[in-house]
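Notes for the structure review
Chain by chain, the residues:
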Protein chains: 2
Amino acid sequence: MLHLVGLGLSDETDITVKGLDIVKRAERVYLDAYTSILLVDQSVLEQYYGRPVILADREMVESNSDEILRGAQHKDIVFLVVGDPFGATTHSDLALRAKQQSIEVRSVPNASILSAIGACGLQLYNFGQTVSMVFFTDTWKPSSFYHRIKENVSIGLHTLVLADIQVKEPNLENLARGRKIYEPPRYMTVGQCASQMLQVEQERKEAVYTAKSLAIGAARVGSKTEKFVAGTLQQLCSLDSELGPPLHSLVLLGRRIHVLEHDFARQFAIDQSEWDAIWKADYAKQ
Amino acid sequence: MLHLVGLGLSDETDITVKGLDIVKRAERVYLDAYTSILLVDQSVLEQYYGRPVILADREMVESNSDEILRGAQHKDIVFLVVGDPFGATTHSDLALRAKQQSIEVRSVPNASILSAIGACGLQLYNFGQTVSMVFFTDTWKPSSFYHRIKENVSIGLHTLVLADIQVKEPNLENLARGRKIYEPPRYMTVGQCASQMLQVEQERKEAVYTAKSLAIGAARVGSKTEKFVAGTLQQLCSLDSELGPPLHSLVLLGRRIHVLEHDFARQFAIDQSEWDAIWKADYAKQ
């Protein structure tokens, strides 16, 4: 059987009791090491589980899934995923390939950023589709997120913007020379995310949001050091030091926001009087 | 400190290791017994934790939160919530009241139906806002869900419809006589949910969906007996016996669906040739 086991969001103790039990008795244990990260290293997990954990990078999962699934018809193979197992497309893929080989698939759900973000006080019912923000380069500024945010904004919903995580990205210069050398990991901050959002708004000019739109920056959601900072998109461009280390994500507030959501979120405001003024002028009367 | 601890979706072993550790050493442990239920009883939890658990009904949480928070400035009080702690409004409320009394609040996230529903193969990124369906009565047929589904449909997104759970609802006849007698618990099925959806479409006639719209019925998501059945809304009206016992929920497919999502979902189709035909005619070309 293939067990897709969610690890939750923060450290080795965020696994469920059910998940830990399966990990301890499985034949082999893989760890998805490319769609997200925990705030602790692989070695901490291995020590906690008392067994080796095999790192599975994108290449392995996409091109060599047969090795992961080897023997799973008769033995328990675990594939560990940060957050919830079905948060990323690749894991549905792996499950589908297992089923095609008559391997039973079971999943052990866990916390996902998509629900844990509720800790910022905004109601999960009022979120639209989630979008991802990738690191812009000089020549590559993918902005499909902009249209999706526009759709959410048009019906008054909040948008969770997931900030890019780049682990084990090949160095392009070396790749061209046939050498696989990887870039050091990079984690996008709320400041970078807010600033890319404003950059695209300036170019597209569809007034989806402005520098004065209210938003919440979130860091290390679900951990003991979880931190929220609320402010305008402009303010959030320069509040990374308040938020601290990765992982970061950002929520753009929708105009259908309920006063109770506002009351909860305002405790995180970097400047409560500005927050209140913008709230009163642009949100409260919707 | 007030600890809001998520229990996950299914049984006593879905708590995280971190959550269980806090439960074992806390001063008092309350269990939210009204926004959702686990598939096991309170007594199972008590035996598993080796300690008593106090049931907190809506009345207690909304009118007597001071008792729950008593002593939390200096001691650890746990409030257990099925799913993720911030899935329902009342828990943000409790957190806010704690903070107003200078009580530190920490939450231990866990799986929520909002992310675990990804196990049906639909991508979480393609979901719009979540809606709730309540039991209709002869005189009360709240249909605000209809407008929200319409918004999701207009931008091609999937909609998760949460089916009603009624635990500890007062019997109105007895309430009128000043006696608090409670109705037996009721859990809405996918069949009831689909049929109420079609009833409202027939009345409102805005063509938000039809009897032939594709949907997925989900039962006991996140448990070992998790079950998905895919079909048209009309078919889902009479497939409750396939799905089995509660809890149920339903996903209405959006037209922006990716072919990989379709491939995964079709394995659950009650009639694959009809599913394929409708997919081809109404969804594949979007």
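You'll find the structure just up there.
Residues numbered from 1 in each chain as written. Chains lettered and ligands numbered in written order. Predicted model: local features only at pLDDT ≥ 70, side-chain atom pairs only at ≥ 80, totals over all residues. Heavy atoms only, no water.

1. A short note on the environment of Tyr283 of chain B
Residues and elements named next belong to chain B. Tracing the chain through its elements places Tyr283 in helix 13 (residues 272-283). The sequence separation of Tyr283 and Ile149 amounts to 134 residues, and the corresponding C-alpha distance is 17 Å. Those residues in contact with Tyr283, other than ones at most four positions away along the chain, are Ser213, Leu214, Leu253, Gly254, Arg255, Ile257 and Ile278. A polar contact is formed between the side chain of Tyr283 and the backbone nitrogen of Leu214, at a distance of 2.9 Å. (Helix = DSSP H or I, 4+ residues; strand = E, 2+ residues; numbered from the N terminus. Contact = heavy atoms within 4.5 Å. Polar contact = N/O pair within 3.5 Å; in protein donor to acceptor, adjacent residues only side chain to side chain.)

2. Description of helix 13 (residues 272-283) of chain A
All names here are of chain A. Within the sequence span of helix 13, burial applies to Trp275, Ile278, Trp279 and Tyr283. In an axial view of helix 13, the angular spread of the buried residues amounts to 105 degrees, which keeps them on one side of the axis. Away from its buried face, by an angle of more than 90 degrees, helix 13 presents the exposed residues Ser273, Lys280 and Ala281. Residues of helix 13 that are buried make contact with strand 10 (214-219), strand 11 (227-232) and helix 12 (259-266). (Buried < 20%, exposed > 50% of the residue type's maximum accessible area, 1.4 Å probe, protein only. Arc of directions from axis to C-beta.)

3. Describing the interface of chain B and chain A
Listed as interface residues are 53 residues of chain B and, on the opposing side, 53 residues of chain A. Buried area between chain B and chain A, both sides added, is near 4600 Å², and the carbon and sulfur share of it is 56%. Its largest share of buried area at the contact with chain A, chain B owes to Val17, Lys18 and Tyr125 of chain B, together 15% of the area lost on that side. Seen at the junction of chain B and chain A, the total is six salt bridges. The residue Asp14 of chain B makes a salt bridge to Lys18 of chain A at a minimum N-O spacing of 3.1 Å. (Buried area = accessible area lost by both parts, 1.4 Å probe. Salt bridge = Lys/Arg side-chain N within 4 Å of Asp/Glu carboxyl O.)

4. Some points on the packing of helix 12 of chain A against helix 13 of chain A
Residues and elements named next belong to chain A. Remark: helix 12 packs on helix 13, axes separated minimally by 11 Å, with the N-to-C direction vectors making an angle of 160 degrees. Taken together, the axes of helix 12 and helix 13 lie roughly antiparallel to each other. Relative to helix 13, helix 12 is oriented so that their crossing is right-handed. Contact residues: helix 12 offers Val259, His262, Ala265 and Arg266, while helix 13 offers Gln272, Trp275, Asp276 and Trp279. (Axes fitted to C-alpha atoms, helices over the stretch in contact; angles between N-to-C directions. Parallel < 35°, antiparallel > 145°, perpendicular 65-115°, else oblique. Left-handed = near helix turned anticlockwise from the far one by under 90°.)

5. Let's talk about unusual backbone geometry
For residues besides glycine, phi is generally negative; the peptide bonds are generally trans as well. Residues and elements named next belong to chain A. The linkage connecting Pro246 with the following residue, Leu247, adopts the cis geometry, with an omega of 0 degrees. Position of Leu247 relative to the elements: it lies in the loop between helix 11 (240-243) and strand 12 (248-252). Notably, Ala207 is not glycine yet its phi reads approximately 55 degrees, a positive angle. Classification of Ala207 as exposed rests on a relative accessible area of 62%.

6. Side note on the relation of the copies chain B and chain A
Here chain B sits on chain A after a turn of 180 degrees about the axis and a move of 0.0 Å along it, with an RMSD of 0.0 Å. Seen this way, the second copy is the image of the first under a two-fold rotation axis. Residue by residue, 100% of the interface of chain B is reproduced at the interface of chain A, so both copies engage with the same surface. (Least-squares fit on C-alpha atoms with pLDDT ≥ 70 in both.)

7. Thoughts on the environment of Ala116 of chain A
Here Ala116 of chain A is to be found in helix 6 (residues 113-116). Residue Ala116 of chain A is classed as buried on the basis of its relative accessible area, which comes to 3%. With 108 residues separating them in the primary sequence, Ala116 of chain A and Gly8 of chain A have C-alpha atoms 9.6 Å apart. Each residue touching Ala116 of chain A, except ones within four places of it in the same chain, is listed here: Leu9 and Val221 of chain A together with Asp84 and Pro109 of chain B.

8. Notes on the pattern of salt bridges
Counting across every chain of the model gives 26 salt bridges over all chains. Ionic pairing is found between Asp21 of chain B and Arg25 of chain B, a salt bridge with its closest N-O pair at 3.7 Å. A residue pair is termed a helical-turn pair when its members lie 3 or 4 positions apart in one helix, as Asp21 of chain B and Arg25 of chain B do in helix 1 (residues 17-25) at four residues. A relative accessible area of 45% means that Asp21 of chain B is categorised as partly exposed. Since its relative accessible area comes to 48%, Arg25 of chain B is described here as partly exposed. Where salt bridges share partners, they join Asp11 and Asp14 of chain A together with Lys18 of chain B into one cluster.

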